[in-house]
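Secondary and tertiary structure notes
Given next are the chains, with one letter for each unit.
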Amino acid sequence: MTYTRTIAEKPDSVVRLLSCALHRIRTTPPRIITSPATQPRRAAVAIIIRVVPPPNTIPVPVDTPLPTLSQFFELDWVKDPLACPEFLLLRRDGAGPSDAVPGRASAFQNFTGDGTSKGSGKAGAHVAFPGGRTEEGDEGGLYTAMRQTWEEIGLDLAERDFAFIGQLDDREITTSLGKRLLMILSPFVFLQLTPNPLPTDPTDGTNIHWVPLETLASAVLPGHIGDKMNAKSRWSSVTVDAASRLTPRRAAILKILVRILIGSMQFPAILLDLPESDAIPGSSTSSSAALPKNGSYPALTQDKLEKGFTATKPLSGKDQNKSRHQLKLWGLSLGMTLDLMATMIPPTALPSSADPNKQPTPQDLYKVSLPSLHLPFHPVGGEGMRIDAVAPSLASVFPRFSYPDVNFWIWVFGKRYREVVRGWEASVRDGGSNVRRVNWSGTALNTFYAAVRKALLVVLVLRAIGVLVGLVFAGWWVFA
């Protein structure tokens, strides 16, 4: 069989890849998860993307007709090699479980997707997308995402500057080790169609960061694409105390015992190393007066038009007079980001029998290959499987334990989990209707954490037997 090339013939610039991603999101129906009667709670977040024009770009008149999605990526300032696509992240200082406000984003985004709190451990500050819980009176998830964004950072996504692109797949948020469903989360994607910077008004303790997509593309896109990116980010990890997730909050002695027996959990993270020019100290609210008179972005200072800052970290040596700050993107926020980045992988080949005048369908693409992100990690028990291709977001929220025997027993009890992932992969390759109809992610999540619970029980029993045998042997040695 011969193949003809498609989108990959075009330059793999971030703008071109973003165009591919947004068109794919707009034309691909998301997987919708219906809330069970026992847990009707839902939440929504807004993934906001903009393209920063090159320095000294001629401002666009306010009354200029807005482009369509296809027309947007044909605009001169968007196609310019110096244009910089970015997406919005929030850093919520001191947002822990005790700080959660009902109905606000911190009330659910303290969780990494498996119930692990971001407000404790070595995770640092909370980095997330704007959003929160659906409240009574909301007309749906899209309305929730727009309302919460307005309330939290003062950005009105209903204005003409923004276009709603589409929705990513729903996902389940559970308690620790997946024992109970907390809510269903829906991510919605928005694109700013205008080049002019927009003022924001974040709430106290909330800092805005516009992160270049190129920094993530270099870390997660396949090597032949990511290696071409100039900006780089690197993979790291976040360590969470397993005892704080498995024991009552005030049981200090039990926490120490579980910490010794179980150890800690590690989650993958992307380390975003942002330069000083991407932040502004303090938290004073920016206003329209702070914007440049010509309405365009000054070079490398676009974030100075926004309110928001994270603590800078001085460097040593020749850079001691400069400063940078680092953000860790992990857990639930990393999972949604990976789902977004997965849509940026361009299809590379199609069967020659395909109609050249017909837009290729997902079924055509997946029958040829199964594109995937470049992830340097695999879930415990998932080695050798393509979880990174079918669901990169799941690969980011499954923990790896610090004790090797815990990971071993997860693999032993993970047979059902592996069967689910292999069935999911086969369904994706065949392009069947089951890809969207079946809740593969929820099933994989449930089976994985069922294996984790069994593994922890076996480890605790074996540890207890070992301690008893040790005590009996010590007693026999002393009194014999």
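Predicted model, so just to flag it, every value in this text is computed and none were measured. (Residues numbered from 1 in each chain as written. Predicted model: local features only at pLDDT ≥ 70, side-chain atom pairs only at ≥ 80, totals over all residues. Heavy atoms only, no water.)

Thoughts on the overall build of the protein chain
In terms of regular secondary structure, the protein chain is built from 16 helices and 15 strands. When each of the 480 residues of the protein chain is scored for burial, the buried share is 51%. Across the protein chain, every contact between residues at least 6 apart in sequence was considered, and the portion connecting residues at least 24 apart equals 77%. For the protein chain, the exposed surface amounts to about 22200 Å²; the carbon and sulfur share of it is 58%. (Helix = DSSP H or I, 4+ residues; strand = E, 2+ residues; numbered from the N terminus. Buried < 20%, exposed > 50% of the residue type's maximum accessible area, 1.4 Å probe, protein only. Contact = heavy atoms within 4.5 Å. Areas by Shrake-Rupley, 256 points an atom, 1.4 Å probe, with all protein chains shown as cover.)

So, the environment of Arg26
Mapped onto the elements of the fold, Arg26 is located in helix 1 (residues 14-27). Put simply, Arg26 and Leu69 are 43 residues apart on the chain and 9.5 Å apart in space, counted from C-alpha to C-alpha. If we ignore the near neighbours within four places in the chain, the residues touching Arg26 are Leu69, Phe164 and Ile165. Within the structure, Arg26 has its side chain in polar contact with the backbone oxygen of Phe164 (distance 2.9 Å). (Polar contact = N/O pair within 3.5 Å; in protein donor to acceptor, adjacent residues only side chain to side chain.)

Let's talk about the packing of helix 13 (residues 404-412) against helix 16 (residues 440-479)
Relative orientation and spacing of two packed helices are given, respectively, by the angle between their axes and the distance between those axes. Helix 16 packs onto helix 13 with a crossing angle of 130 degrees between their chain directions and a minimal axis gap of 8 Å. Between helix 13 and helix 16, the crossing angle belongs to the class labelled oblique. Crossing of helix 13 against helix 16: the hand is right-handed. Residue-level contacts link Asp405, Val406, Trp409 and Ile410 of helix 13 to Phe448, Ala451, Val452, Ala455, Leu456, Val458, Val459, Leu462 and Arg463 of helix 16. Here the contact of helix 13 with helix 16 is built from residues that sort into 11 nonpolar, no polar and two charged. (Axes fitted to C-alpha atoms, helices over the stretch in contact; angles between N-to-C directions. Parallel < 35°, antiparallel > 145°, perpendicular 65-115°, else oblique. Left-handed = near helix turned anticlockwise from the far one by under 90°. Nonpolar A, V, L, I, M, F, W, Y, C, P; charged D, E, K, R; others polar.)

As for the packing of aromatic side chains
Summed over all chains, the structure comprises 16 aromatic pairs. Clustering of aromatic rings is evident, with ring pairs tying together Phe398, Tyr417, Phe448 and Tyr449. The lysine or arginine in question, Arg50, covers the ring of Trp210, its NZ or CZ lying 3.9 Å from the ring centre. (Phe/Tyr/Trp six-rings, centres within 6.5 Å; stacked < 30°, edge-to-face > 60°. Lys NZ or Arg CZ within 6 Å of the ring centre and 35° of its normal.)

Regarding a nonpolar patch on the surface
Where nonpolar side chains cluster on the molecular surface, the patch consists of Leu457, Val461, Leu462, Ile465 and Val469 and spans about 450 Å² of accessible area. Structurally, Val469 can be placed in helix 16. Given a relative accessible area of 52%, Val469 falls into the exposed group. (Patch = residues over 30% accessible without salt bridge, like charges linked within 9 Å, V, L, I, M, F, W, Y side chains within 5 Å. Salt bridge = Lys/Arg side-chain N within 4 Å of Asp/Glu carboxyl O.)

Concerning the pairing of strand 8 (residues 181-192)
Burial of strand 8 is extensive: 12 of the 12 residues sit out of reach of the surface. Where strand 2 (residues 42-52) meets strand 8, eight bridges bridge the pair, whose relative direction is parallel. Considered in strand 8, the bridge of Ala46 is made with Phe188. Here strand 6 (residues 162-167) runs beside strand 8; their pairing, made up of five bridges, is antiparallel. Note that in strand 8 the partner of Gln167 across the bridge is Phe188. (Pairing = 2+ DSSP bridges.)

Section: the side chain of Asp339
Looking at where Asp339 falls in the secondary structure, it is placed in helix 9 (residues 331-342). What makes Asp339 buried here is its relative accessible area of 16%.

As for the environment of Leu221
Structurally, Leu221 is set in the loop between helix 5 (213-220) and helix 6 (223-226). For the pair Leu221 and Leu375, spaced 154 residues apart in sequence, the C-alpha to C-alpha distance is 8.4 Å.

Here we look at the confidence of the model for the protein chain
When pLDDT is averaged across the protein chain, the result is 75; 68% of the residues are at 70 or more. This stretch, residues 349-354, has a pLDDT under 50; its non-local contacts, to residues over four places away or in other chains, come to 16 contacts. (pLDDT = per-residue confidence, 0-100.)

So, the environment of Leu394
Looking at where Leu394 falls in the secondary structure, it is placed in helix 12 (residues 392-397). Counting along the chain gives 223 residues from Leu394 to Arg171, while the straight-line C-alpha distance between them is 9.6 Å.

Focus on the nonpolar core
Leu22, Ile49, Leu221 and Met341 are the most contacted members of the largest nonpolar core, which totals 54 residues. At seven residues, helix 1 tops the list of elements feeding residues into this core. Setting aside chain neighbours within four positions, we find Ile49 in contact with Leu18, Leu22, Glu86, Phe87, Val189, Phe190, Leu191, Gln192, Leu213 and Leu340. Core analysis: the next-biggest nonpolar cluster, separate from the first, contains 34 residues, Ile262, Val397, Phe398 and Ala455 among them. (Core = buried A, V, L, I, M, F, W, Y, C linked by side-chain atoms within 4.5 Å.)

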